[in-house]
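Analysis of the macromolecular model
Spelled out, the chains give:
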Amino acid sequence: MAMGRQGDRQGDLMVTWSEMPRSPGHVFYDRLQQVLVGAGFDGFVEDACRAYYARTLGAPSVPPGRYFRMHMVGYFEGIDSERGIEWRCSDSLSLREFLRLDSTDRVPDHSWMSKTRGRLPREVHETVFGWVLALIAQHGLIKGERIGVDASTMEANAALRAIVRRETGEGYHAMLTRMAQESGITTPTVEDLIRMDRNRRGKRLSNEEWVSQTDPDARIARMKNGTTHLAYKPEHAVDLDTGAIVAAEIHAADEGDTTTLPGTLRVAEANLDEVGKAPTPDTPAECVADKGYHSRAVLKALDRSAWKTRIAEPQRKAFSRWHGDEAARSAVYANRIRLRSDIGKEAMRRRAEVVERSFAHTLERGGVRRTWLRGRENVGKRYLIHVAGHNLGLLMRLLIGAGTPKEAVARGWCLLVLLPTHTGGADKAILVVLVTHSAMPALIIFRMGFGRQPG
């Protein structure tokens, strides 16, 4: 045949429906779409958001279900920024199908996602998160018997060099310049400021003294890798029997674990109550946590409540003195007995595996170890839908055996079978290609002849 040559491209004035490109579909997103549409996701979301839109005036907005689907795509594709989510959805025909876009519709702009997030309050995002919990609970993915709690760190969209003093508003660079001038250096260079900052005594960044101008809600904290950044503190309450996240809260990074635990447990208890799995004082659920959550006040508050604590106890060299506080003494000893039992040891091993895995999925693979949003409320809104995508991934793993799009593609395999035949004295063969997938089996048959070696 003759070689085709690439010429200048000219836009088509008219394209018929049969000539328009179509996506062959993605096994993961097609199945997830069936789950969401079958459960009435779009109608539920529109009812939840109706109060925040005008009834008659103005042009119709983009459907709210598309906003939540795009955030779920951010989790499944591991994309941190909303600009990246927009680009990925625009680049993929299968994701356009998942967003339920018509052939002539364009993918919503990233600024529309920001405006919609500002329009919809946190209560709407919590409602959608609860809807996903109810959906996976129908498939037996929420037991509510053992809840593991742990926290991690998330880098904020703010730099330490932009912090200022709370009282005076003086910046860090301005403070170093003033100190250098007071020490006798009239015009300090950058190297002088670095040297002075390294050698000065009492160098300490305190959240009581310093605040970020770009993101006042962010706090100075030490990250998991040992570096110091402005950060937030995500905290998970995870069902240890299934891996489902029943509560995901964003706290200030300088708040201790014993301070944030009661709030996270209240949210977890409310979410479990919505799916009929709420713990009660008569049938308490186990609260499994590491030694950072251990304190007398916490154990005394949770004693004889809806939570039965199994919180790791740090090793202490001195004897405990109770000073007449018998309630704290009884709570600490009861927690210690439960912790040292075989059931308690197995629960702690399970917590280390399941809860840490939830952070690996949402923060590391999910792409939000660093957030590009500012403000604790904004970060919390997106993180709730991000975690809802994680819970939907558990449901997809139950249905098709894969919890992410990449895993669904990787599970495909093929089997080649060569069957020799004899027809009319001629040797032939039938090549059977069995392409199998968790949701897309196919059978392809080729017929070919054997070439003969001349004598």
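Residues numbered from 1 in each chain as written. Predicted model: local features only at pLDDT ≥ 70, side-chain atom pairs only at ≥ 80, totals over all residues. Heavy atoms only, no water.

1. As for the overall build of the protein chain
From N to C terminus, the protein chain includes 15 helices and 12 strands. Per-residue burial over the protein chain gives 43% buried out of 455 residues. Residue pairs in contact within the protein chain that sit at least 24 positions apart in sequence constitute 67% of those at least 6 positions apart. With the model as given, the accessible surface of the protein chain reaches about 25400 Å², and the carbon-plus-sulfur share is 51%. (Helix = DSSP H or I, 4+ residues; strand = E, 2+ residues; numbered from the N terminus. Buried < 20%, exposed > 50% of the residue type's maximum accessible area, 1.4 Å probe, protein only. Contact = heavy atoms within 4.5 Å. Areas by Shrake-Rupley, 256 points an atom, 1.4 Å probe, with all protein chains shown as cover.)

2. Remarks on the confidence of the model for the protein chain
The predicted coordinates ought not to be read in detail in places where the model reports low pLDDT. The share of residues in the protein chain with pLDDT of 70 or more is 85%, and the mean pLDDT across the chain is 87. This stretch, residues 449-455, has a pLDDT under 50; its non-local contacts, to residues over four places away or in other chains, come to seven contacts. (pLDDT = per-residue confidence, 0-100.)

3. Thoughts on the pairing of strand S1 (residues 146-151)
Judged by how many residues are buried, S1 sits mostly within the fold: six of six residues are covered. With burial as the criterion, each face of S1 is covered, one bearing Arg146, Gly148 and Asp150 and the other bearing Ile147, Val149 and Ala151. Of the strand pairs in this sheet, S1 and strand S8 (residues 285-289) are connected by three bridges, and their pairing is parallel. By the bridge assignment for S8, glycine 148 is matched with valine 288. By the bridge criterion, five bridges tie S1 to strand S6 (residues 228-239) in an arrangement that is antiparallel. Paired with aspartate 150 across the bridge in S6 is histidine 236. (Pairing = 2+ DSSP bridges.)

4. Examining the layout of surface pockets
Considering only enclosed or pocket space, the largest pocket measures out at about 370 Å³ in volume. Lining of the largest pocket is provided by 16 residues; of these, Tyr53, Ala54, Ala59, Pro60 and Ser61 occupy positions nearest its centre. Within the lining of the largest pocket, the residues separate by chemical class into nine nonpolar, three polar and four charged. One number sums up the size of the second largest pocket: a volume of about 290 Å³. Ala312, Glu313, Pro314, Gln315, Arg316, Ala318, Ser320, Tyr333, Arg336, Leu339 and Arg340 are the residues that line the second largest pocket. Here the lining of the second largest pocket is built from residues that sort into five nonpolar, two polar and four charged. (1 Å grid on protein atoms, 1.4 Å probe; cavity = no way out; pocket = protein on both sides within 12 Å on 5 of 7 lines; lining within 4 Å. Points joined across faces, edges and corners; volume = space filled by probe spheres on them. Nonpolar A, V, L, I, M, F, W, Y, C, P; charged D, E, K, R; others polar.)

5. Observations regarding the packing of aromatic side chains
Under the counting rule described, the total for this entry stands at 10 aromatic pairs. Each ring, one from phenylalanine 28 and one from tyrosine 29, has its centre 5.6 Å from the other, and the planes form 90 degrees; the classification is edge-to-face. Given a relative accessible area of 0%, phenylalanine 28 falls into the buried group. Accessibility expressed as a relative area gives 2% for tyrosine 29, which makes it buried. Residues tryptophan 322 and tyrosine 333 carry aromatic rings whose centres are separated by 5.7 Å and whose planes lie at 85 degrees to one another, so their mutual orientation is edge-to-face. Highlighted residues: tryptophan 322 in the loop between strand S9 (307-311) and helix H12 (326-340) and tyrosine 333 in helix H12, separated in sequence by 11 residues. What makes tryptophan 322 buried here is its relative accessible area of 12%. Relative accessible area serves as the criterion here: at 31%, tyrosine 333 is assigned to the partly exposed category. (Phe/Tyr/Trp six-rings, centres within 6.5 Å; stacked < 30°, edge-to-face > 60°.)

6. Some words on the side chain of threonine 264
Within the secondary structure layout, threonine 264 lies in helix H10 (residues 257-274). When sequence neighbours within four positions are dropped, the list of residues in contact with threonine 264 reads Glu235, Ala237, Ala247, Glu249 and His251.

7. Structural notes on the pattern of salt bridges
Across all of its chains, the model carries 24 salt bridges by this definition. Here arginine 310 and glutamate 286 are joined by a salt bridge, their closest N and O atoms 3.1 Å apart. Note that arginine 310 is positioned in strand S9 and glutamate 286 in strand S8, a separation of 24 residues in sequence. The buried category is assigned to glutamate 286, whose relative accessible area is 9%. Of the charged contacts, one joins glutamate 407 and arginine 397 as a salt bridge, the two residues approaching to 3.4 Å between their closest N and O atoms. Remark: arginine 397 occurs in helix H14 (residues 376-400) and glutamate 407 occurs in helix H15 (residues 405-410); sequence separation between them is 10 residues. Taking the relative accessible area as the measure of exposure, arginine 397 reaches 34% and is therefore partly exposed. Several salt bridges converge on common partners, so that one network encompasses Asp42, Arg69 and Arg100. (Salt bridge = Lys/Arg side-chain N within 4 Å of Asp/Glu carboxyl O.)

8. Topic: the environment of glycine 140
Here glycine 140 shows up in the loop between helix H7 (122-137) and S1. Take glycine 140: its relative accessible area is 34%, and that puts it in the partly exposed class.

9. A look at the packing of helix H1 (residues 27-38) against helix H3 (residues 64-77)
Closest axis-to-axis distance for the H1/H3 pair is 13 Å, and the angle between their directions is 145 degrees. As for the relative orientation of H1 and H3, their crossing is right-handed in sense. Mapping the contact onto sequence places Phe28, Tyr29, Leu32, Gln33, Leu36 and Val37 in H1 and Arg69, Phe76 and Glu77 in H3. Along the lines of polarity and charge, the residues of the contact of H1 with H3 split into six nonpolar, one polar and two charged. (Axes fitted to C-alpha atoms, helices over the stretch in contact; angles between N-to-C directions. Left-handed = near helix turned anticlockwise from the far one by under 90°.)

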